[in-house]
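Structural description and commentary
The residues making up each chain are set out below.
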Amino acid sequence: MTQSSQKDSVFIKEVANQQKRRAKIIELTHSTTKAAGVMLLGAIAAIIIANSAYYAGFTEFWETDLLIGFGASTASMSLAEIINDIFMAIFFLLVGLEIKYEMTVGELTNIRQAILPVAAAFGGVLVPIIIYLVFNASSPETIGGWGVPTATDIAFALGVLSLLGSRVPNGVRVFLSTLAVADDIIAIIVIAVFYGHSPEVGWLIAAGVVFVFLLWMNHRHVYSLIPYIVVGVVLWYCIFMSGVHSTIAGVLLAFTIPIGSHVNLKKFIDWSGARVKEAKKSFTPGTPVIGQSDYLDQITRLARVSRQVVPPATRLERALYPWVYFAILPLFALTNADVSFAGGALGNMFTSPVFLGVFFGLVLGKPVGIMLMSFIIVKLKISTLPENVNWLHLLGAALLGGVGFTMAIFVANLAFVSDVDVTIAKVAILSASLVAGVAGFTFLWIQAKGAARKGLRFELELEDNTNLLTHAAHESARKERYRRKQNKQWKRGHAELVRDMERRQADEARKREELMARMGTEQHVEGKRSCAQNDVVEPRSKG
């Protein structure tokens, strides 16, 4: 910590190093690049263990059963199923919060801006499905896997993109992140509609009642997170018992959590200022703070209300982010990327229709679908490319759209009955994600090198920690977009002002010229009249 930062810090100098370490931990646990790296390590560890002598014990551990339920309504779940059904529901809760944010104040609020990546996301879903069905249409056992190559892993894709820093336009990040959010919405619908078991109507009705109760809580301005979490657990249980995939509970819960604050934000500024003044008056330097009751009362009130200013959805998203991306998703990778190459059953995996459909669906179908829909939208003038982004940048982002990983593996576990097909699909997903990630990064890096030779470098919208995927990052991005909008409006207004001044000056000059011309004419006439009068009064003398 520098001397200037120590001077500006509100903490005592004895804990300066602790605060520095805490800041580094926060930076580490909110980085999409590092999160993608941890997930990749989990996947590599799973592959190594699956092809070692420890695989039997590893599998046996994750298949340990636990009893879940109440009374007669119980179900047995293994540790791996707990990760896939409970922990991944928390992941989908975070995804739901991010989608809600984008739909409320993010990129999905501006229809003209959002339509390009959203339409591209639909193209990036439809073309992979077509490619998969080309290879598997004649196989009833594997045709149900069409949903596997449709998903993009937002953490991995943005993690790869963030490695390029300011060498690519920020419009590429906005396009890819919005595309991934729209892709997640489509994936959630696909999972809910096509990959659940036959639902039990009684539990489904119960889940609907619980969901309506959550909406009622939101309508009644319940801003504490604890009631939502408690009722959310009940919602998860009802959906789990209904046969619909339980991770959908996370998304439904996310859409009921308030995004507003029950504090009057206009009055809070004056109120907090008054509390600070009162605290300043009641503070006695040199007296131990524990004995300054009036000062502590003012500070406690200020701290309690200040915390409530932050919307519940924001508080929950910030709390979940490090746990989801540095614990849940790495655990999911560790337990689901266990691809074993031993045995002859997988000897022909690279010619399997499942492998071909998933691999080419991600590597080829994703970029083709994204680019095709983007081209149609732009050529029809429904939307335009983002600022400073050209078609080659968009192709690089489209290639990164083929990084499936988490979502694709999740769908593969639901889509196939045969363990062999699941394993082949995982191999295809991992292979395609590697190829798509390397291809997208290399393509954008080549574009960045070309831009660097021309002296171009693109300004990042985020001043620090550019790969944070939190509300703070969204806020910074929105402030930057607002600043640019204000600058454009100022330039437009300034240009109009200049044109108006030039118009007025031209009008004034024209009026002056007309006045001078009129005055000149009047003077000329007056001169003639004067001369005529002189001729009458003083006739010229005769020679």
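Quick summary incoming for the structure in this document.

**A short note on the overall build of the chain**
For the chain, the count of helices and strands is 19 helices and 2 strands. Per-residue burial for the chain yields a buried fraction of 44% across its 543 residues. Nonlocal contacts in the chain, meaning residues at least 24 apart in sequence, comprise 79% of its contacts between residues at least 6 apart. Carbon and sulfur atoms form 63% of the exposed surface of the chain, whose accessible area is close to 29700 Å².

**What to know about the packing of aromatic side chains**
Applying the stated rule across the entire model yields 18 aromatic pairs. Relative to Phe-410, the ring of Phe-92 lies with its centre 5.5 Å away and its plane at 50°, an arrangement referred to as tilted. One end of the pair, Phe-92, is in helix 5 (residues 79–104); the other, Phe-410, is in helix 17 (residues 405–415), and 318 residues separate them in sequence. Note on accessibility: Phe-92 and Phe-410 belong to one class, buried. Ring plane angle 35° and centroid distance 4.6 Å describe the contact between Tyr-321 and Tyr-325, whose orientation is recorded as tilted. One end of the pair, Tyr-321, and the other, Tyr-325, are both in helix 14 (residues 312–336), 4 residues apart, so they sit about a helical turn from each other. When its relative accessible area of 1% is taken as the criterion, Tyr-321 is described as buried. Pairwise contacts between aromatic rings join Phe-135, Phe-350, Phe-355, Phe-359 and Phe-360 into one cluster.

**Quick word on the environment of Leu-94**
By the element assignment, Leu-94 lies in helix 5. A relative accessible area of 0% places Leu-94 in the buried class. Counting along the chain gives 225 residues from Leu-94 to Ala-319, while the straight-line C-alpha distance between them is 9.8 Å. The contacts of Leu-94, once residues within four sequence positions are left out, are Glu-317, Leu-320, Tyr-321, Val-324 and Tyr-325.

**Focus on unusual backbone geometry**
In this structure, His-221 is a non-glycine residue whose phi angle is positive, near 60°. Tracing the chain through its elements places His-221 in the loop between helix 9 (201–219) and helix 10 (225–242). Even without glycine at this site, Phe-405 takes up a positive phi of about 45°.

**Describing helix 8 (residues 170–194)**
An ideal rise of 1.5 Å per residue puts 36 Å on 25 residues; helix 8 measures up with 36 Å between its terminal C-alpha atoms. Of all 25 residues in helix 8, 19 are buried, a share of seventy percent or more.

**Section: the nonpolar core**
Within soluble globular proteins, side chains that are nonpolar generally end up buried alongside one another. Core analysis: the largest hydrophobic core is formed by 122 residues, its most contacted members being Phe-91, Phe-92, Val-148, Leu-161 and Tyr-325. In contact with Val-148, other than residues within four places in its own chain, are Val-358, Ala-408, Val-411, Ala-412, Ala-415, Phe-416 and Ile-429.

**Observations concerning the side chain of Asp-421**
Tracing the backbone through its elements, the reader meets Asp-421 in helix 18 (residues 419–453). Here Asp-421 sits buried without a salt bridge, and the closest side chain of opposite charge, Lys-426, lies 13 Å off (N-O distance). Not counting chain neighbours up to four residues away, the residues in contact with Asp-421 comprise Thr-142, Val-354 and Phe-416.

**A closer look at the environment of Leu-414**
Looking at where Leu-414 falls in the secondary structure, it is placed in helix 17. Relative accessible area serves as the criterion here: at 26%, Leu-414 is assigned to the partly exposed category. Distance from Leu-414 to Gly-147, taken between C-alpha atoms, is 9.7 Å for residues 267 residues apart in sequence. If sequence neighbours within four positions are ignored, Leu-414 has contacts with Ile-191, Tyr-195 and His-245.

**Observations concerning the packing of helix 16 (residues 391–400) against helix 18**
Interhelical geometry of helix 16 versus helix 18 gives an angle of 160° and a closest axis separation of 7 Å. Classed by the angle they form, the pair helix 16 and helix 18 counts as roughly antiparallel. Note on packing geometry: the crossing formed by helix 16 with helix 18 is left-handed. Where helix 16 approaches helix 18, its residues Leu-392, His-393, Leu-395, Gly-396, Ala-397, Leu-399 and Leu-400 are matched on the opposing element by Ala-436, Gly-437, Ala-439, Gly-440, Phe-441, Phe-443, Leu-444 and Gln-447. Taken together, the residues of the contact of helix 16 with helix 18 break down into 10 nonpolar, 5 polar and no charged.

Conventions used here
Residues numbered from 1 in each chain as written. Predicted model: local features only at pLDDT ≥ 70, side-chain atom pairs only at ≥ 80, totals over all residues. Heavy atoms only, no water. Helix = DSSP H or I, 4+ residues; strand = E, 2+ residues; numbered from the N terminus. Buried < 20%, exposed > 50% of the residue type's maximum accessible area, 1.4 Å probe, protein only. Contact = heavy atoms within 4.5 Å. Areas by Shrake-Rupley, 256 points an atom, 1.4 Å probe, with all protein chains shown as cover. Phe/Tyr/Trp six-rings, centres within 6.5 Å; stacked < 30°, edge-to-face > 60°. Expected span 1.5 Å × (residues − 1). Core = buried A, V, L, I, M, F, W, Y, C linked by side-chain atoms within 4.5 Å. Lys, Arg positive; Asp, Glu negative; His and termini not counted. Salt bridge = Lys/Arg side-chain N within 4 Å of Asp/Glu carboxyl O. Axes fitted to C-alpha atoms, helices over the stretch in contact; angles between N-to-C directions. Parallel < 35°, antiparallel > 145°, perpendicular 65-115°, else oblique. Left-handed = near helix turned anticlockwise from the far one by under 90°. Nonpolar A, V, L, I, M, F, W, Y, C, P; charged D, E, K, R; others polar.

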